[in-house]
Amino acid sequence: MSNQARHRMSELINEIRDHQFKYHVLDAPTITDSEFDGVLRELTALEAKYPELREADSPTLGIGGGFATSFAQHDHIEKMMSLDNVFDTTELASWFDRIEKEVPNPIYLCELKVDGLAINLTYENGQLVRGLTRGNGVTGEDVTLNVKTIKNLPHTLVGKNIPALIEIRGEVFFPLAAFNELNDGLEELGKALFANPRNAAAGSLRQKDPRVTAQRPLSVVVHGVGAREGIEFDSQSGAYAVLKELGLPTSNRFTVCATRGEVEKYIAHYGLHRHDVEHEIDGVVIKVDSIAEQAQLGFTSRAPKWAIAYKYPPEEVTTRLLDIKVSIGRTGRVTPFAFMEPVKVAGSTVTNATLHNATEIVRKGVLIGDVVVIRKAGDVIPEVLAPVIERRTGKEVAFVMPTHCPECGSALRAMSDGDVDIRCPNARSCPAQLRERIYYIGSRAALDIDVLGYEAAAALLDARIITDESDLFNVTKEKLITSDFFTKKDGTPGLNVEKLLAALEVAKTAPLWRTIVALSIRHVGPTAAQALATHAGSIEKISTSTAEELAQIDGVGVTIADSIVEWFSIDWHQEIIAKWSAAGVRVEQESVAQLPQTLTGLTFVVTGGLENFTRDSIAETIIAHGGKSASAVSKKTNYLLVGAEPGSKLAKALEIGVPVIDEARFKELLAGR
């Protein structure tokens, strides 16, 4: 049973990390918030049942998040925490019980949970000097210039008692009225619409040109304080009063509650009036109001114990299911989806909704022609929940899963025992898989080639400019102009020709992990790819490693390791590597061989914030100089590198006698001294 649990936990960890990257870095989540919560809760339950199997860097212990590569990274002065969630009054009552066991008769503060992008604003002597996204809680993206374009955010604090330093935590959001106006304008121009206000806010704040951000009517509301010097607060509500006096945009909808009943009344009120607010909300945040009691209750590794987010149930509407179709993904997965009468839900009109797989369709009892309940709740991908059986007419028909690929005609089959998904096995030449893989190569998750969109990918294949991804980096102007997509009406090369060729040259120099992602190896997302690149150093080393060796890499595990070995065992996959390498695509970690191997044979674990390294860069530095970067302290650890505000790893190192060093000593080791 423990082997099954270990396998499932590995799958869940990789799935969660991939979804965190898509959500926090790409602003392009592929599952709903409630689905993600379900996956995270399944992992939490398994870890509670099998604590000995929990990984030291499990997503349940961290905040998640990540970084967009176009922005510099900067550490928060004080760690930016996340929030734990409850989903019903029973779970909320359990949280109250835990609080009141430690703190008799607490006063609570309730506020709306804004569905936007978390931001950390640093003011020094009253001047706004830095704006960071949450990132991974320790380090965020520096979006200062873009933040300064937000009209309701002061660049200078006002009042008599200006603190020497203060970190202000808040949420950047897109007002609903402005969001609808923006999407209407995009629709008129024939451009892609934002899925929801949260994505619009994140996409607007992450514009490379602050002038574009300035054109978007973003707003911000502050709801917390991090590091501070020259100012203190007795209560959360008192802090909000002071922040308002300083000129900061606080909410006027928070309420101080003396009892559980008052908290529940607040939750119920906004459950009924959630659409009467100028911004999207997905719940209510309940905090212990007293700062002293907050300190008494403390924190877990990822969230304060003195605060909880009560998440409202996702929105649900009904519409007519006109048909059930299937799509073929880049790894051959066959996904049924509902084609429906257009319906507006959570602020946008939808016509398609996921049905996940054939087993789910049967389990839910959905028939073509049904009136169905769908859920979106501001999430990106709507989901069909169930049919409204009472409204059936008798004309509804059952969906029959195709036995052959609708694109290439190959017989569909499960790829492994127990796999609920069926797949098209014709990975090499199935048109659907080819289009999706070429398109994915250009995505922000992979090589980030803006001009290689879905239409461009289809055009390359339709005109036989390329036959598969192995030819991508050998395209020429002469080949491109054989397609109408890449030419003007007069037959001369279009602007996208030079742009694509230039972008492909830039993509060749992308970091090794992006090349690995671009290969579309099943289960290998950005997180696993970065671990592989850091530890193996080259695609050749990865391709010659055994599954057992790969599984030992932090962030990989058994499932991914097996998938990698299987991928490299296929001859035409080796052709992709050979052609890309010959074309100049990076297949080795940059400059690893040129650096002095001063850390050979040494294993390091890092805790706390470092002055001159981010979490990613310190690991890369250790590996590049021949050392090993581990996530957990053990007797095999040679050194624990300690920065500001170290965690529990320091106590563990002292307990078992692992040498503890600071950043200065690490630099000496790096220099070979």
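Structure first, text after, so check above.
Since the model is a prediction, treat every value here as computed from it, not as a measurement. (Residues numbered from 1 in each chain as written. Predicted model: local features only at pLDDT ≥ 70, side-chain atom pairs only at ≥ 80, totals over all residues. Heavy atoms only, no water.)

### A few points about the overall build of the chain
The condition that has to hold: A run of DSSP states H or I qualifies as a helix once it reaches four residues; a run of E qualifies as a strand once it reaches two. Both are numbered from the N-terminal end. C-alpha atoms define the radius of gyration in this analysis, and the globule rule sets the expected value at 2.2 Å times the number of residues to the power 0.38. Here's how the labels work: a residue is buried when its accessible area is under 20% of the maximum for its type, exposed when over 50%, partly exposed in between, all with a 1.4 Å probe on protein chains only. Residue contacts are counted whenever heavy atoms from the two residues lie within 4.5 Å of one another. Values of accessible area rely on a 1.4 Å probe in the Shrake-Rupley scheme; residue burial ignores everything except the protein chains shown.
Scanning the chain from N- to C-terminus turns up 24 helices and 20 strands. Taken against the 2.2 N^0.38 rule, which gives 26 Å for 673 residues, the C-alpha radius of gyration of the chain at 26 Å falls within 12% of a compact globule. Projected onto its principal axes, the C-alpha positions of the chain cover 80 × 70 × 60 Å. The buried share among the 673 residues of the chain stands at 51%. Look at the contacts in the chain between residues 6 or more apart in sequence, and 67% of them connect residues 24 or more apart. Summing over all exposed atoms, the chain offers an accessible surface of approximately 30900 Å²; the carbon and sulfur share of this is 52%.

### A closer look at unusual backbone geometry
Not every positive phi belongs to a glycine, and N105 is a case in point at roughly 50°. Considering the arrangement of structural elements, one finds N105 in the loop between α3 (89-102) and β3 (108-114). Given a relative accessible area of 72%, N105 falls into the exposed group. Within the chain, S520 stands out as a residue other than glycine whose phi angle is a positive 60°. Structurally, S520 is set in the loop between α16 (512-518) and α17 (526-536).

### A look at the sheet that holds strand β10 (residues 281-288)
Within a sheet, adjacent strands bond to each other through the backbone by hydrogen bonds, running parallel or antiparallel. Convention followed: Think of it this way: DSSP has to see at least two bridges between two strands before they count as a pair. Structural elements are reduced to axes, namely lines fitted to C-alpha atoms, with helices fitted over the stretch in contact, and the angle between N-to-C directions of any two is expressed from 0 to 180 degrees.
Reading across the sheet, the five strands line up as β2-β11-β10-β3-β9 and stay open at both edges, with mixed pairing between neighbours. The open sheet is flanked by β2 (85-86) and β9 (255-257), the only strands paired with a single partner. Judged from the five bridges that link them, β10 and strand β11 (residues 307-311) form a sheet pairing that is antiparallel. The residue of β11 that forms the bridge with V285 is A309. The strands that α3 touches are β2, β3, β10 and β11; relative to β11, the one it contacts most, it runs at about 170°. Sitting on the sheet, helix α8 (residues 236-245) is in contact with β3, β9 and β10, with an inclination near 60° to β3.

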